[in-house]
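What follows is the residue order along each chain.
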Amino acid sequence: MPSDVVQDVTWTSDEMMAVAAARELSDGTVCFVGIGLPSTAANLARATHAPHVVLIYESGCIGAKPDRIPPSIGDGVLSVSADAVVGVPEIFAYWLQAGRIDVGFLGAAQVDRWGNINTTVVGNYQSPAVRLPGAGGAPEIAASCDRVIITLRHSARGLVEKIDFITSLGHGDGSGVRERLGLPGRGPQAIITDLGVLRYDDSQHQFLLSEVHPGVGVDDVLAATGWPLLVADSLHETPAPTTSELSALRSFTGA
Amino acid sequence: MTKFSTLSEAIEANVHDGDRVALEGFTHLIPFAAGHEIIRQGRRNLTLVRMTPDIIYDQLIGMGCASKLIFSWAGNPGAGSLHRFRDAVEREIPGPLAIEEHSHAGMATRYAASASGLPFGILRGYAGTDLVEVTDNVRFVSCPFTGESLAAVPALDLDVGIICAQQADRQGNVMLWGITGVQKETVLSAKRSIVLVEEIVEHFVPHVNGVVLPNWVVGTVVECPSGSFPSYAQDYSERANDFYAYWEPISRDRDRFLAWMGEHVLMTETNAGFLASLDSHLVESTRA
């Protein structure tokens, strides 16, 4: 993938995160995209190595090809550039629920070692310390897409021992909950952060640290993780962003 | 048959204290002007319904119009939190706000069930989430043919459904295009509906993705240009992205919020008056 690595170019940890997330999408992948980093990463993939990635937004836009990063999931640039625009009941029923989506890209306020996601509350549900926006499309995206990629900034407040509310089910407690519930998708397979990449290990039934971004130490990642994070045998360094990845990303973000 | 009226008459006649009301719009075609008029007329104890409650719901909640919210995602898209909503949930300011919380797929299923005249809808959803624990209106049924367990959610029957659309014709038929969200379902789920349109035209020109609501299912049409501001109406206006960022510090401080609502909503009488009260830079960039 990265062929034109130039080491003297500098980048931010957020840029590394967006690039690492974009690389998860191969050409032709059908991807359900949330707003924020997932949208940036999916559009970066489309602008670089995956020109035929199909972007689906929950506002009903199928095959959107925005020329800038839309500030909302219902931006006019999405509907005008889409192959088709359908109503919201249809996007969730005919397209997501029916199993037509390869990858769901989700953000998280809290995530645990099994990829369960909280975007609902910090603290007690009835009297929360912080009320978050809530579920949106995420519970069914997490259930029905073939695989899920989670992106968030790495901190012990975000990657926690126990999440306060299961908004979207990952792998439950690692004991085969998805299979027992009959969920169609394989669930979260990668957690992409600004420090590295965690991948779900089916034999150890939890996420393992499998990549660290350039300049990041394993100890940095462990210290910023709220559970005793296990390290994969195959641990390696993420290839640095290429100049073409960075220039494409910066053309979107205006950086 | 569709009735044509002014916005204030439409709200006066259709929205009553205690009603279950949806002002829908999925980023696009959000009926802000109707929300402002509900605030001006001082409605109380509303059950507000919306998949994506945003700034206009922050305003309705902060001004004390609502006692309950049925929703699936509450935020200021791309800009942050709804602080008036959060103050109501976290601290009961200005009063307690009961919440009934769903996923988008669940809310869309509820609208579709109501539009279909069914008592409930089914979906493959919610399984394994804590939403099941906190939302009594999520239950599970077995498929009578395969035995598969599926989520069941009740029809989202509304007293009043309010949307924006681009056009109505003189017979009261309504047409909208672009992102159409759950606009059709909102009208079909409601006992009484109000549609704010940018323009009343002699004849419709068909549009890709166009949705037409025949006049015999449309309650009241209000001609209200820019009634969706700071949301947008495709081919009439662009989304005022700056407004969403501008709202963040106003929403954060309750005193500043009340002063803003007084100056721009309570002290104005119409949507045109509201728009004229804003700094021109917030409005001018949104003309399509």
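Residues numbered from 1 in each chain as written. Chains lettered and ligands numbered in written order. Predicted model: local features only at pLDDT ≥ 70, side-chain atom pairs only at ≥ 80, totals over all residues. Heavy atoms only, no water.

Chemist: Could you clarify how one ought to interpret the interface of chain B and chain A in this entry?
Modeler: By a widely used convention, the size of an interface equals the accessible area lost when the partners come together. On the side of chain A, 39 residues touch chain B, which itself brings 41 residues to the contact. Interface area, chain B with chain A, both sides summed: about 3300 Å², of which 60% is carbon and sulfur. Interface area lost by chain B to chain A is led by Arg124(B), Asp130(B) and Ile179(B), which between them contribute 17%. Across the contact surface, chain B and chain A share 1 salt bridge. The shortest N-O distance in the salt bridge between Arg131(A) and Glu101(B) comes to 2.5 Å. Counting across the chain B and chain A interface gives 16 residue pairs in polar contact (both at pLDDT 80 or more). Mapped onto the side of chain B that touches chain A, the elements with two or more residues apiece are α4 (83–91), β5 (98–101), α5 (104–115) and α6 (131–134) of chain B. (Contact = heavy atoms within 4.5 Å. Buried area = accessible area lost by both parts, 1.4 Å probe. Salt bridge = Lys/Arg side-chain N within 4 Å of Asp/Glu carboxyl O. Polar contact = N/O pair within 3.5 Å; in protein donor to acceptor, adjacent residues only side chain to side chain. Helix = DSSP H or I, 4+ residues; strand = E, 2+ residues; numbered from the N terminus.)

Chemist: Sorry, what's going on with the sheet that holds strand β5 (residues 103–107) of chain A here?
Modeler: By way of backbone hydrogen bonds, the strands of a sheet pair with one another, either parallel or antiparallel. All names here are of chain A. In space, the 10 strands of this open sheet follow the order β4-β3-β2-β1-β5-β10-β11-β12-β13-β14, with mixed pairing throughout. On the outer flanks of this sheet lie β4 (84–85) and β14 (230–237), each paired with one strand and no other. Summarising the sheet, strand β10 (residues 147–151) and strand β11 (residues 188–192) pair through 4 bridges and their orientation is parallel. Residue pairing for β11: Thr 151 is matched across the bridge by Ile 192. Those strands touched by helix α1 (residues 13–22) are β5, β10, β11 and β12 (196–201), and its axis lies near 155° from that of β11. The strands that helix α2 (residues 37–47) touches are β1 (30–33), β2 (54–57), β5 and β10; relative to β2, the one it contacts most, it runs at about 160°. (Pairing = 2+ DSSP bridges. Axes fitted to C-alpha atoms, helices over the stretch in contact; angles between N-to-C directions.)

Chemist: Please clarify how the sheet that holds strand β8 (residues 149–154) of chain B should be interpreted in this entry.
Modeler: Residues and elements named next belong to chain B. As summarised here, the arrangement of the 3 strands in space is β6-β8-β7, forming an open sheet in which the pairing is antiparallel. Every other strand in the sheet has two partners, leaving β6 (120–123) and β7 (139–142) as the edge strands with one partner each. Each neighbouring strand pair of the sheet contributes to a mean axis angle of 40°, computed without reference to strand direction. Here 4 bridges tie β6 to β8, and the two strands are oriented antiparallel to one another.

Chemist: Just to check I follow, could you spell out the domain arrangement of chain B for this structure?
Modeler: All names here are of chain B. We note that the domain assignment places domain 1 (3–41 + 157–284) and domain 2 (105–154) within chain B. Taking only C-alpha atoms, the centre of domain 1 and the centre of domain 2 are 30 Å apart. Residue-level contacts link 10 residues of domain 1 with 5 residues of domain 2. Counting the surface lost from both domain 1 and domain 2, the interface buries some 570 Å², and carbon and sulfur atoms represent 55% of this. Counting every contact that joins domain 1 to domain 2 gives 0 salt bridges. Linking domain 1 to domain 2 there are 4 residue pairs in polar contact (both at pLDDT 80 or more). Elements that contribute at least two residues to the side of domain 1 that touches domain 2 include exactly β2 (20–23) and α7 (183–188). (Domains from an automatic or database assignment.)

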